[in-house]
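The lines below spell out each chain.
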Amino acid sequence: MDMAVNQEYDKARDNGNTVDFEKAANSNAFKKLLEDRKKFILPLTIFFLIFYFLLPILTSYTTFLNTPAIGDISWVWIFAISQFAMTWILCTIYVKKANTFDEQAEQIVEEIKRGGDSK
Amino acid sequence: MSPIVIILFIAIVILTLVITYFAAKRTQTTGDFYTAGGGLTGVQNGIAIAGDYLSAASFLGIAGAIALFGFDGFFYSIGFLIAYLVVLFLVAEPLRNLGKYTLADMINSRFDAKKVRGAAALSTITIVTFYMIAQLVGAGALIQLLFGLDYWLAVLIVGVMMTVYVLFGGMIATSWVQIVKAVLLMIGMIIMSFLVLLKFDFNIGQMFHDVKSATVHGADYLKPGLQYTQPLGTLSLMLALVLGTAGLPHILMRFFTVKDAKTARSSVITATWVIGIFYVLTLFLGFGAAAFVGYDAIIAANSGGNMAAPLLAQVLGGDILFAFISAVAFATILAVVAGLVLSGASAFAHDLYGEIVKKGKATEKEQMYAARYASLGVSVLAIVLALFAQYLNVAFLVSLAFCIAASANLPVILYTIYWKRFNTAGAVTAMLTGLFSALILVSLSPSVFSPVEGAALFVGEPIFPFSNPAIISVPLGFLGGYLGTILSKEADMRRFAEVSVKAHTGYKEEA
């Protein structure tokens, strides 16, 4: 079945109906977009997953979060609420950064469209 | 039940039906039926996502869990929220760029294989069914409490109403119902939290101080470990919660209702704020119910604690607030169920019927009829199953749906977008390993087998120790996809180039 798909795909390419995605994927602009996204998203993803799993790990294997922080409110509640704060902060950071990715993506799309026409 | 409860309840139901009716007149094409014609703004869609997400489990379930188990109940709130970072960072935008109507469409942007589409439809229908049974069981308990009806009659009423919603309105209707319902639910949450805080003189320290002596657990109420005593079991649950959302078909479908990735992004942001505020407020509801309704009264109404929020409303604001909160809870369940039915119906009508049976040659009209018959079929199936699930725990059923979504769908979604070597064999093995390992482990778990008679379906020692198997089944899903890929020779790098470019730039061919 994959053979058939490939043939059809090739046919579409020969007819000039499809853009050369390999060329686009190998372009420096696209590689830079992927690299930039990765550099931004990967460390933050690792960070929030560690921050998140630290809560059940600490509550399961230790008891020190049960020490009082403010009056009757113990550290475990402070840590839990800080998870909410982290989520909102990361959301805001992401939106700011994503706008620069949008600009990069738009330029690549422009480039593909120009390449598609001249073919 | 007092007439006020019944009048208010009926008024809210009529309001949602009227919206459905007007929306129905606007539903013209198949695209409209599935995805509201892509015409929602980011904020509207974000509120609709929140509406879809804040189900019986969030409102009734978490409030009850916090009321009964203190901190351990709050784990749900944290996991359900942080899941949106996974959605935002890794899934939402590429998914919007690749998808058309369903999850299978998105995966098929890379693989035109029927077996992939079939596997995706199978996992979608399984997840939707588990999620839906949970909602129906919750609704049944609520209507049972409110009207003193028999459980089976309560489930039947909810079932028939949701079918009417979907059959006549499609996605526009459910989007607008979700928006209306999300707003009503937030208003209800804010009023109740305000009244709870009022009782504590707006002193949060005082609230913590008072609940310490308000429950049977004493000071332990504020400490983790009341409900979850196995460390790995807790981690397993938390894993399902944080990864499940990014694989839930009815949530992912909401990203196809907007016009581009940017709107998808702003949807997630709006949803994250609304949902986050909601989950912070669950704390006040849970503590309020623990302090003012009391452990015994909550347990007496429903052993799962699911009636804590409505009972708290009655204590705080008498019959009127009780009626309002109950009606909102009911509308919530109705709307969530409608969204679920729709994504189940889409998987059936679009993927199984449209693409596999009719080989992509079904007309729009045929597909729309198929979707409507499928809605009917999915509804009837869920109603029947819910009748037998009366004694199952609602939170358990929902976290199970999350587990299946994280095990069967998430690996395939991530591999499709990010892994060059990934292929059809990998996609099928990932979905089937994730789906069946989750289902098999659950059927061997303490939720199905318990040595205490009446605590689970069967009496006996559980073979698998954790009630949520995500810690095993999620890695198995990823491993299945990896092995399935590298053990088969097929590879199509060109196709990945296309998918990768489209996913990350939003490029589309002009049709």
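Definitions and cut-offs
Residues numbered from 1 in each chain as written. Chains lettered and ligands numbered in written order. Predicted model: local features only at pLDDT ≥ 70, side-chain atom pairs only at ≥ 80, totals over all residues. Heavy atoms only, no water. UniProt positions renumbered as here; feature names shortened; annotations may be inferred. Helix = DSSP H or I, 4+ residues; strand = E, 2+ residues; numbered from the N terminus. Buried < 20%, exposed > 50% of the residue type's maximum accessible area, 1.4 Å probe, protein only. Contact = heavy atoms within 4.5 Å. Axes fitted to C-alpha atoms, helices over the stretch in contact; angles between N-to-C directions. Parallel < 35°, antiparallel > 145°, perpendicular 65-115°, else oblique. Left-handed = near helix turned anticlockwise from the far one by under 90°. Nonpolar A, V, L, I, M, F, W, Y, C, P; charged D, E, K, R; others polar. Buried area = accessible area lost by both parts, 1.4 Å probe. Salt bridge = Lys/Arg side-chain N within 4 Å of Asp/Glu carboxyl O. Polar contact = N/O pair within 3.5 Å; in protein donor to acceptor, adjacent residues only side chain to side chain. Phe/Tyr/Trp six-rings, centres within 6.5 Å; stacked < 30°, edge-to-face > 60°. pLDDT = per-residue confidence, 0-100.

Going by an unreviewed UniProt entry, chain B carries the name Cation acetate symporter and comes from Oceanobacillus zhaokaii. UniProt, in the comment section headed Sequence similarities (unreviewed entry), describes chain B in these words: "Belongs to the sodium:solute symporter (SSF) (TC 2.A.21) family." A UniProt comment under Subcellular location (unreviewed entry) is attached to chain B, and it reads "Cell membrane".

Draft legend 1. View of the overall build of chain A. Across its full length, chain A holds four helices and two strands. For chain A, the α and β elements follow one another from N to C terminus as α-α-α-β-β-α. Evaluated residue by residue, chain A yields a buried proportion of 39% over its 119 residues. Considering only intrachain contacts with a sequence separation of at least 6, the fraction spanning at least 24 residues in chain A is 59%.

Draft legend 2. Main features of the packing of helix α12 (residues 261–293) of chain B against helix α14 (residues 308–357) of chain B. Residue and element names in this part refer to chain B. Two elements in contact, α12 and α14, have axes separated by 9 Å at closest approach and are oriented at 60 degrees. Regarding the angle of α12 to α14, the classification is oblique. Here α12 runs over α14; the crossing is left-handed. On α14, the residues that touch Leu285, Gly288, Ala289, Phe292 and Val293 of α12 are Ala308, Ala309, Leu311, Leu312 and Val315. Along the lines of polarity and charge, the residues of the contact of α12 with α14 split into nine nonpolar, one polar and no charged.

Draft legend 3. Examining the interface of chain B and chain A more closely. Residue-level contacts link 58 residues of chain B with 55 residues of chain A. Roughly 5200 Å² is buried in total at the junction of chain B and chain A, and carbon and sulfur atoms are behind 74% of that figure. The largest share of the area that chain B buries against chain A comes from Phe89(B), Arg494(B) and Tyr507(B), three residues that together contribute 16% of it. Close ionic contact of Asp102(A) with Lys262(B) constitutes a salt bridge, the shortest N to O distance being 3.5 Å. Inspection of the region where chain B meets chain A yields eight residue pairs in polar contact (both at pLDDT 80 or more).

Draft legend 4. Representation of the pattern of salt bridges within the structure. The full count for this structure, using the stated rule, is eight salt bridges over all chains. We note a salt bridge from Asp102(A) to Arg265(B), for which the minimum N-O separation is 2.8 Å. With Asp102(A) in helix α4 (residues 75–118) and Arg265(B) in helix α12, this residue pair bridges two chains. Arg265(B) gets classed as buried once you look at its relative accessible area, which sits at 3%. The salt bridge involving Asp52(B) is made with Arg254(B); its shortest N-O contact spans 2.4 Å. Here Arg254(B) lies in the loop between α11 (249–252) and α12 and Asp52(B) lies in helix α3 (residues 42–53), a separation of 202 residues in the sequence. In the salt-bridge network here, residues are joined through shared partners; they are Asp102(A), Glu93(B), Lys262(B) and Arg265(B).

Draft legend 5. Spotlight on the environment of Ser407(B). All names here are of chain B. You can see Ser407 is positioned in helix α16 (residues 394–418). In the structure, Ser407 is positioned 40 residues away from Gln367 in sequence and 29 Å away in space, judged by C-alpha atoms. Ignoring anything within four residues of it in the chain, the contact list for Ser407 reads Ala430, Gly434, Ala438, Ser473, Val474 and Gly477. A distance of 2.9 Å separates polar atoms of two side chains, one belonging to Ser407 and the other to Ser473.

Draft legend 6. Representation of the packing of aromatic side chains in the model. Residues and elements named next belong to chain A. For the structure shown, the criterion picks out 37 aromatic pairs over all chains. Summarising the aromatic geometry, the rings of Phe40 and Phe101 are spaced 6.0 Å apart at their centres and angled 65 degrees between planes, so their arrangement reads as edge-to-face. Remark: Phe101 occurs in helix α4 and Phe40 occurs in helix α3 (residues 28–61); sequence separation between them is 61 residues. As far as burial versus exposure is concerned, Phe40 and Phe101 are alike and both buried.

Draft legend 7. Region of interest: the side chain of Thr87(A). As for its placement among the helices and strands, Thr87(A) is situated in helix α4. Its relative accessible area of 0% is what places Thr87(A) among the buried residues. Other than its neighbours up to four places away in sequence, Thr87(A) contacts Leu81(B), Ile82(B), Leu85(B) and Thr272(B).

Draft legend 8. Quick peek at unusual backbone geometry. Residue and element names in this part refer to chain B. Of note in the backbone geometry, Asp201 takes a positive phi value of approximately 55 degrees without being a glycine. Turning to its location among the elements, Asp201 is positioned in the loop between α8 (151–199) and α9 (204–214). Owing to a relative accessible area of 62%, Asp201 belongs among the exposed residues under this scheme. One non-glycine residue, Phe202, lies in the positive phi region at around 55 degrees. Inspection of the secondary structure assignment puts Phe202 in the loop between α8 and α9.

Draft legend 9. Here's a closer look at the confidence of the model for chain B. Counting all residues, the mean pLDDT for chain B is 83, and 91% of those residues have values of 70 or more. In the model output, the complex is listed with pTM 0.88 alongside ipTM 0.88.

Draft legend 10. Representation of the side chain of Thr245(B) in the model. Residues and elements named next belong to chain B. Tracing the backbone shows Thr245 in the loop between α10 (231–244) and α11. For Thr245, the side chain forms a polar contact with the side chain of Tyr53, separated by 2.7 Å. Not counting residues up to four positions away in its chain, the partners in contact with Thr245 are Tyr53, Phe80, Ala83, Tyr84, Val87, Ile251, Leu252 and Phe402.

Draft legend 11. Here's a closer look at the confidence of the model for chain A. Of the residues in chain A, 82% have a pLDDT of 70 or more, and the chain-wide mean is 82. Across residues 1–16 of chain A, where pLDDT falls below 50, the model places 20 contacts with residues more than four positions away in sequence or in other chains.

Draft legend 12. The environment of Thr63(A), seen in detail. Residue and element names in this part refer to chain A. Turning to its location among the elements, Thr63 is positioned in the loop between α3 and β1 (68–70). Judged by its relative accessible area of 60%, Thr63 falls in the exposed class. Through-space distance from the C-alpha of Thr63 to that of Val76 is 9.4 Å; in sequence the pair is 13 residues apart.

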